[in-house]
Number of protein chains: 2
Amino acid sequence: MKAVDEMPHGEFDYIRAWTSGRQSPSFLRASGVIQGIGDDAAVTDWTPGMQMVISCDTMVEEIHFKTVTIKDRDCGYKAMAAAISDLAAMGANPKFALVSVSMPKGSEERRLQDMYSGLYECADRWGVAIVGGDTTASVSGISLTVTVIGEVEAGKALLRSSAKVGDVVFVTGFPGRSAAGLDFLLGQNKDSRQWEAIPPGLTRLIEAHCRPVPQVKAGRLLQELGVCHALNDISDGLASEAWEIVEASGLGIDLIEDRIPLAEELLAYARQKGKDPIDFVLYGGEDYELIGTMPAGRALETQIAFKDAGLTMHIIGYVNGDHRSVMLAQSNGALVPVPKHGYNHFGKE
Amino acid sequence: MKAVDEMPHGEFDYIRAWTSGRQSPSFLRASGVIQGIGDDAAVTDWTPGMQMVISCDTMVEEIHFKTVTIKDRDCGYKAMAAAISDLAAMGANPKFALVSVSMPKGSEERRLQDMYSGLYECADRWGVAIVGGDTTASVSGISLTVTVIGEVEAGKALLRSSAKVGDVVFVTGFPGRSAAGLDFLLGQNKDSRQWEAIPPGLTRLIEAHCRPVPQVKAGRLLQELGVCHALNDISDGLASEAWEIVEASGLGIDLIEDRIPLAEELLAYARQKGKDPIDFVLYGGEDYELIGTMPAGRALETQIAFKDAGLTMHIIGYVNGDHRSVMLAQSNGALVPVPKHGYNHFGKE
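A short tour of the structure in this document, coming up. (Residues numbered from 1 in each chain as written. Chains lettered and ligands numbered in written order. Predicted model: local features only at pLDDT ≥ 70, side-chain atom pairs only at ≥ 80, totals over all residues. Heavy atoms only, no water.)

Some words on the overall build of chain A
Rules: Working definition: helices are DSSP H or I runs of at least four residues, strands are E runs of at least two. Numbering for both runs from the N terminus. Only protein chains enter the accessibility calculation, which uses a 1.4 Å probe. A residue is then buried if its area is under 20% of the maximum for its type, exposed if over 50%, and partly exposed in between. Contacts are residue-level and defined by heavy atoms, with any inter-residue pair within 4.5 Å sufficient. Accessible areas in this description were obtained via Shrake-Rupley with a 1.4 Å probe; residue shielding takes into account the shown protein chains only.
When you go through chain A residue by residue, the secondary structure sums to 11 helices and 13 strands. Relative to its full complement of 349 residues, chain A shows a buried share of 62%. At a minimum sequence separation of 6, the contacts of chain A that also span at least 24 residues come to 86%. Put simply, chain A shows about 12600 Å² of open surface, and 49% of that area lies on carbon and sulfur atoms.

Digging into the packing of aromatic side chains
Selection rule: Two rings from Phe, Tyr or Trp (for Trp, the six-membered ring) form a pair when their centres are within 6.5 Å of each other. A pair whose planes differ by under 30 degrees is stacked, one over 60 is edge-to-face, and the rest are tilted. Throughout this description, the term charge over a ring refers to an Arg CZ or Lys NZ atom that lies within 6 Å of the ring centre and within 35 degrees of the ring normal.
Going through the model one piece at a time under the given rule, you end up with three aromatic pairs over all chains. Arranged with centres 5.4 Å apart and planes meeting at 45°, the rings of Trp46(A) and Trp46(B) form a pair that is tilted. With one member in each of two chains, Trp46(A) in the loop between strand E2 (42-44) and strand E3 (50-60) and Trp46(B) in the loop between strand E2 (42-44) and strand E3 (50-60) form a pair that bridges those chains. Classification of Trp46(A) as buried rests on a relative accessible area of 13%. Positioned above the aromatic ring of Tyr77(A) is the side chain of Arg211(A), whose terminal nitrogen or guanidinium carbon lies 4.2 Å from the ring centre.

Quick word on the relation of the copies chain B and chain A
The criterion, for reference: Least-squares superposition of the copies uses the C-alpha atoms of those residues scoring a pLDDT of at least 70 in each of them.
Of the transformation superimposing chain B on chain A, the axial component is 0.0 Å and the angular component is 180°, with the fit at an RMSD of 0.0 Å. These values place the two chain copies in the arrangement generated by a two-fold rotation axis. With an isologous cut-off of 70% or more, the 100% of interface residues of chain B that recur at the interface of chain A puts this contact in the isologous class.

Let's talk about the packing of helix H3 (residues 72-88) of chain A against helix H4 (residues 109-125) of chain A
Residue and element names in this part refer to chain A. The condition that has to hold: Comment: axis = line fitted to C-alpha atoms, over the contacting stretch for helices; angle = value between 0 and 180 degrees taken between N-to-C directions. Comment on the angle field: the value is read as roughly parallel under 35 degrees, roughly antiparallel over 145, roughly perpendicular from 65 to 115, and oblique elsewhere. Crossing handedness is read from the near helix: turned anticlockwise from the far helix by less than a right angle, it gives a left-handed crossing, and turned clockwise, a right-handed one.
Running from N to C, H3 and H4 cross one another at 40°; their axes reach a closest spacing of 6 Å. Taken together, the axes of H3 and H4 are oblique relative to one another. H3 and H4 meet at a crossing whose hand is right-handed. In this structure, H3 contributes Asp72, Arg73, Cys75, Gly76, Tyr77, Ala79, Met80, Ala81 and Ile84 to the contact, and H4 contributes Arg111, Asp114, Met115, Ser117, Gly118, Leu119, Glu121, Cys122, Ala123 and Arg125.

Here's the deal with helix H6 (residues 203-210) of chain B
Residues of H6(B) that are buried include every one of Leu205(B), Ile206(B), Ala208(B), His209(B) and Cys210(B), and no others. Packing partners of the buried residues in H6(B) comprise helix H3 (72-88), helix H5 (177-187) and helix H9 (264-273) of chain B.

Some details on the pattern of salt bridges
All names here are of chain A. The condition that has to hold: By definition, a salt bridge exists where a carboxyl oxygen of Asp or Glu is found within 4 Å of a side-chain nitrogen of Lys or Arg.
Per the stated rule, a full pass over the model turns up 38 salt bridges over all chains. Here glutamate 265 makes a salt bridge to arginine 177, at a shortest N to O gap of 2.9 Å. On the criterion of sequence distance, the pair formed by glutamate 265 in helix H9 (residues 264-273) and arginine 177 in helix H5 (residues 177-187) is long-range, its members being 88 residues apart. As far as burial versus exposure is concerned, glutamate 265 and arginine 177 are alike and both buried.

Notes on the interface of chain B and chain A
The cut-off we apply is this: As a working definition, buried area equals the accessible area (1.4 Å probe) given up by two parts on being put together, with both sides summed. Counting of polar contacts relies on pairs of N or O atoms within 3.5 Å, with two restrictions inside protein: one atom must be capable of donating a hydrogen and the other of accepting it, and residues adjacent in sequence are counted only when both atoms are side-chain atoms. Strands are labelled as partners when DSSP assigns at least two bridges between them.
Taken together, the contact between chain B and chain A spans 66 residues of the former and 67 residues of the latter. For the pair chain B and chain A, the summed buried area comes to about 5300 Å², and 54% of that belongs to carbon and sulfur atoms. Put simply, Arg160(B) and Asp40(A) hold a salt bridge, and the shortest N to O gap is 3.1 Å. Counting every contact that joins chain B to chain A gives 19 residue pairs in polar contact (both at pLDDT 80 or more). Taken together, the three bridges between E2(A) and E3(B) define a ladder with antiparallel strand orientation. Residue Ala42(A) lies in a different strand from E3(B), and its bridge partner there is Ile54(B).

Some thoughts on the sheet that holds strand E6 (residues 143-153) of chain B
Strand order in the open sheet made by the six strands is E1(A)-E2(A)-E3(B)-E6(B)-E4(B)-E5(B), with mixed pairing throughout. A single partner strand is all that each edge strand has here, and the edge strands are strand E1 (33-35) of chain A together with strand E5 (129-138) of chain B. With direction set aside, neighbouring strand axes in the sheet form an average angle of 20°. Sheet analysis places strand E4 (residues 93-104) of chain B next to E6(B), joined by nine bridges and oriented antiparallel. The partner of Phe96(B) across the bridge, within E6(B), is Ile149(B). Most of the contacts of H3(B) go to E6(B), to which it runs at about 35°, and overall it touches E3, E4, E5 and E6 of chain B.

Considering unusual backbone geometry
Unusually for a residue other than glycine, Glu286(A) sits at a positive phi of about 65°. Take Glu286(A): it is sitting in the loop between helix H10 (277-283) and strand E10 (290-295).

Things to note about the pairing of strand E5 (residues 129-138) of chain A
Residue and element names in this part refer to chain A. For the record, the criterion: For the handedness criterion, the strands are oriented away from the viewer, and a crossover whose path from the first strand over the helix to the second runs clockwise is classed as right-handed.
Across the 10 residues of E5, nine count as buried, placing the element largely inside the fold. In the sheet, strand E4 (residues 93-104) pairs with E5 via nine bridges, with the strands oriented parallel. Directly across from valine 101, in E5, lies its bridge partner threonine 135. In terms of handedness, the path from E4 via H4 over to E5 forms a crossover that is right-handed.

As for the side chain of Ser143(B)
All names here are of chain B. With respect to the element layout, serine 143 can be found in strand E6. When its relative accessible area of 13% is taken as the criterion, serine 143 is described as buried. With sequence-adjacent residues up to four places away left out, serine 143 is seen in contact with Thr58, Met59, Val60, Ser100, Val101 and Ser102.

A short note on the environment of Gly150(A)
Residues and elements named next belong to chain A. Mapping glycine 150 onto the fold places it in strand E6 (residues 143-153). For the pair glycine 150 and isoleucine 54, spaced 96 residues apart in the sequence, the C-alpha separation amounts to 6.4 Å. With residues near it in sequence (within four places) discarded, glycine 150 still touches Trp46, Gln51, Met52, Val53, Leu87, Asn93, Pro94 and Lys95.

As far as function goes, none of this settles anything; it's purely spatial.
Have a look at this one:
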């Protein structure tokens, strides 16, 4: 297998070999790509009346991922999903991506190919055109930076700072599963790749960790309904994201423990491990579900619209004007403060 | 001095501390920034009739730079300049940037601050609004990825692939100085920071290496004059960039050695070291000057327009329909093939 430092000189040569023709010319044309990979920069068209929404996300080997817990292909997929998720959290539609990969000299070419396969698989699934990037050597480990550019109806981006008193707090899907999947993978023998033999019943937790679903459909639905005030994606745990809305909006949030949706497989895993399932939800992260706020009076119609679209949404709390923190109304009736960070895998920064 | 891992948890906290208010609200508003740093993604306005131009560039410590040859502040400056240069090479106007920085835990906070100071200094100089990014831990060394987004008049981006038979080849400024500056810095005692005591006469070479000038003004002037066919920035040496135009356009280039502009300080340095100055130009890179092609009949008016704008431009060769390579007509009358890569500092990929 050819190693990176045996490949033809220069980033351009070996990116081109794997990316040339990877997305069809007709898809690229339909996406508004005038010039994709292969020049100093990409050139794209733009939709009149739309504003641009841009985000970037970096994943570093040994900091954000380890080869014992995730396959290279899934890692590429997840890096793209995480970047797309930031746009979903603005109610925006992702359109273009740039990918920068750094990898040690002497790495197996196969690893880079697998990463790119995952990046493209995820981009294809959400209709994102990869229009450029950079490939460089690194001193140790792989590092991936994905920049995603999308568009949103002018003036309609869903910001963290727009929560209002009287809003309910909602969450999409069933968060906490990614953290439980990671907990399983980290708890196994560190020398073997545990995703090669996943026990039945854990598949959905592992899947949630390795192949998260950016909630573009939910974000766009919220945008179309025009119901949403604040919105955030859950990259760092429900607690941290609720805190970000609190800090940006200058209001408080009360979460109701009994209302927080817990997936069957998460409950089963937590029971087996003797852990509290709510900890995975509050402090786990990397689910890329959405947390947001909307007027209480519009919650029911929104839940129905979500159901009709094959999505789920639960009301899990209220925006509170009396304090500026995140509180949890526990099942036992106590109201306790929720710290911003209670869980931090790999000491991730 | 506070270290990275003693700082408040999370990327957001410590980016915010250094970036909050760094660019004035009135500048950001005038740039069309609706939502800058502080949400899941940035939101910006767009100019009707313009197309989007996007590029990203990664610089890795020990691969692309070393602390013995460049100050952290200059490193930040240069990373931004390199990314802006890619847009200059499309004839585009840079507008927005995202910055991703990875740094080992335990790093001095001062290093990150210096990097950001340089990034902002360069962004300010070229009117670029930094609207987002990511900050993560790394396993070893600093890694910087800068994404720059700009705009160009629809259909007017200057591509590598547009060279035509009968075009002359031109270059802006005086390339080769950055490589000579690096040659000096690398040739010194590796344990001391040589940029702290630069001999008189070498200042302009070191400056060219540490604080390159992206040729936005030249790119925009070429755009306005409507004279330019192909255009490329010199990030990897004149030879490599000429080869990229050759490969993208499917034509040949003949360079004329005697026409290639050599700065006085480059000649003096090469003479002192017993090296051929032309090697620094052909294989040095990182000057971020522009190389391009235009119809021979429009060269004179373009040179006058450049002079009026305080810029320089030299005709250094011809586009040739007879071969598909880069050739050099030497001072001694011989026509020799120019290899794509003859010089490769640090074994950079």
